[in-house]
Amino acid sequence: SSKQYTIRFEQSTPSTPEQATKQAFHIPLQIGLLDSNGHELAISTQSNIERGIFSLKGTHEEITFEGLERAPIPSLLRGFSAPVKLDFDYSDEDLALLMAHDTDPFNQWEAGQRLSLKVILDSITCSRAGRQYQYSETFLNAFGVLLNNAATDPAFTAEALKLPSAGYVAENMSEVDAQAIYSVTNDLYKNLAKCHEPAFKEVLE
């Protein structure tokens, strides 16, 4: 009802033997907002933000955007504006939208990697339980949007369509199962190829 959207940031740095308590860093966060159709929204805020960059200097800070008709999907850390690990609770639908429509190439690629990783890990869990994993239309369609825009930037599209490496998947497993990673990733590639066969053929030709 207030047409406002607030993001609260918190930063922390692990202690080291030489320094148990770490001071807050100055972290430049480049931010964009997308609507539910993937269109870029104009940013209006009274917070300290210049050219889309919010300067996080304390351990806890927040930024409020104004004049929004509905909750946006934030595109955070655009261009990898700071060498930090960002933890934000995106839904699968949010990641699919960023993957398909974000105007920032880094975040578009990152969203695809995060969503693909989640799908692969969930699929491995289902496989171990003897169940068949069902790929969502939202996930499959996001790949389709990338593929249909291949002519605009072929090199980026080629990278964006790659699934996470086996090593990266293994890093996110409590118990590494190399055979499961191979089988599930291979099955996912086959499903993507089958789902988007006409588009792949058009790009190839």
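In the block above lies the structure referred to throughout.
The present account deals with the structure reproduced in this document. Being a predicted model, the structure only gives us computed values, none of them experimental.

Reading the values: rules and limits
- Sequence positions are assigned chain by chain, starting from 1 and proceeding in written order.
- Restriction of local features to residues with pLDDT of at least 70 applies here, the model being predicted, together with a cutoff of 80 or more for giving and counting side-chain atom pairs; totals for whole chains, interfaces and linings are based on all residues.
- Side-chain figures throughout are based on the complete set of non-hydrogen atoms in the structure, without hydrogens or water.
- Numbering of helices and strands runs from the N terminus; a helix is a DSSP stretch of H or I covering at least four residues, while a strand is a stretch of E covering at least two.
- Burial classification: accessible surface area is computed with a 1.4 Å probe over protein chains only, and a residue below 20% of its type maximum counts as buried, one above 50% as exposed, and the rest as partly exposed.
- Two residues qualify as a contact provided that any one of their heavy atoms is within 4.5 Å of a heavy atom in the partner residue.
- Accessible areas in this description were obtained via Shrake-Rupley with a 1.4 Å probe; residue shielding takes into account the shown protein chains only.
- Only four residue types enter the charge count: Lys and Arg as positive, Asp and Glu as negative, with His and the chain ends excluded.
- Charge positions come from single atoms, namely NZ of Lys, CZ of Arg, CG of Asp or CD of Glu.
- For two strands to be treated as a pair, DSSP must find at least two bridges joining them.
- In this analysis, axes come from line fits to C-alpha atoms, helices being fitted only over the stretch in contact, and the angle between any two N-to-C directions falls in the range 0 to 180 degrees.
- A helix is expected to reach a length of 1.5 Å times the quantity of its residues less one.
- In summary, the pairing rule links any two rings of Phe, Tyr or Trp, Trp by its six-membered ring, whose centres are within 6.5 Å, and it sorts them by plane angle into stacked for under 30 degrees, edge-to-face for over 60 and tilted for everything else.
- Note on definitions: salt bridges are taken to be side-chain nitrogens of Lys or Arg within 4 Å of carboxyl oxygens of Asp or Glu.
- Side-chain atoms within 4.5 Å are what join buried Ala, Val, Leu, Ile, Met, Phe, Trp, Tyr and Cys residues into a set we call a nonpolar core.

Another point: the overall build of the protein. Of regular secondary structure, the protein possesses seven helices and six strands. Helices (α) and strands (β) of the protein occur, in sequence order from the N terminus, as β-β-β-β-β-β-α-α-α-α-α-α-α. Here the C-alpha coordinates of the protein stretch approximately 50 × 45 × 35 Å along the principal axes. By residue count, 39% of the 205 residues in the protein fall in the buried class. Sequence separation of at least 24 residues holds for 66% of the intrachain contacts in the protein that already meet a minimum separation of 6. For the protein, the accessible surface area stands at approximately 12,500 Å², while carbon and sulfur atoms represent 49% of it. Each charge sign in the protein was given a centre, from 16 positive and 28 negative side chains, and these centres are 2 Å apart.

Spatial strand order, 3-4-2-6: four strands in an open sheet with antiparallel pairing. With one partner strand each, in any of the chains shown, strand 3 (49-50) and strand 6 (73-76) form the two edges of the open sheet. With two bridges connecting them, strand 3 and strand 4 (residues 53-56) associate as antiparallel partners. What sits directly across from Ile49, in strand 4, is Phe54. In this fold helix 1 (residues 92-101) packs onto strand 2 (27-34) and strand 6, with an angle of close to 60 degrees to the strand it touches most, strand 6.

On to helix 2 (residues 105-128). Taking 1.5 Å as the rise per residue, helix 2 with 24 residues should run 34 Å; its terminal C-alpha atoms sit 35 Å apart, in good agreement. In the stretch just after helix 2, Gly130 is the one whose phi turns positive, near 80 degrees.

For the structure shown, the criterion picks out six aromatic pairs. Where Phe80 meets Phe106, the ring centres are 5.3 Å apart and the plane angle is 40 degrees; that geometry is what we call tilted. Residue Phe80 is located in the loop between strand 6 and helix 1, and its partner Phe106 is located in helix 2; the two are separated by 26 residues in the primary sequence. Residue class for Phe80 comes out partly exposed when judged on its relative accessible area of 40%. Looking at Phe106, the relative accessible area reads 28%, which means it is partly exposed. Taken together, a centroid distance of 4.6 Å and an interplanar angle of 55 degrees make the contact between Phe88 and Tyr90 tilted. Looking at Tyr90, the relative accessible area reads 11%, which means it is buried.

Neither face of strand 6 is left uncovered, since the one carrying Ile73 and Ser75 and the one carrying Pro74 and Leu76 both have all their residues buried. Here strand 2 pairs with strand 6 via four bridges, running antiparallel. Residue pairing in the sheet places Ile31 in a bridge with Leu76 of strand 6.

Taken as a whole, this structure holds nine salt bridges when the rule is applied. One salt bridge in this structure joins Glu69 and Lys3, with 3.2 Å as the shortest N-O distance. Residue Glu69 is found in the loop between strand 5 (60-65) and strand 6, and its partner Lys3 is found in the segment before strand 1 (5-10); the two are separated by 66 residues along the sequence. Taking the relative accessible area as the measure of exposure, Lys3 reaches 42% and is therefore partly exposed. One salt bridge connects Arg8 with Glu62, and the closest N-O pair in it is separated by 3.2 Å. In this pair, Arg8 is assigned in strand 1 and Glu62 in strand 5, connecting sequence segments 54 residues apart. The partly exposed category is assigned to Glu62, whose relative accessible area is 42%.

This part covers the nonpolar core. Formed by 53 residues in total, the largest nonpolar core has its most connected members in Phe9, Leu29, Phe54, Phe65 and Leu188. Examining the composition of this core, we find that seven residues originate from one element, helix 2, more than from any other. In contact with Leu188, other than residues within four places in its own chain, are Val119, Ile120, Tyr135, Phe139 and Leu163.

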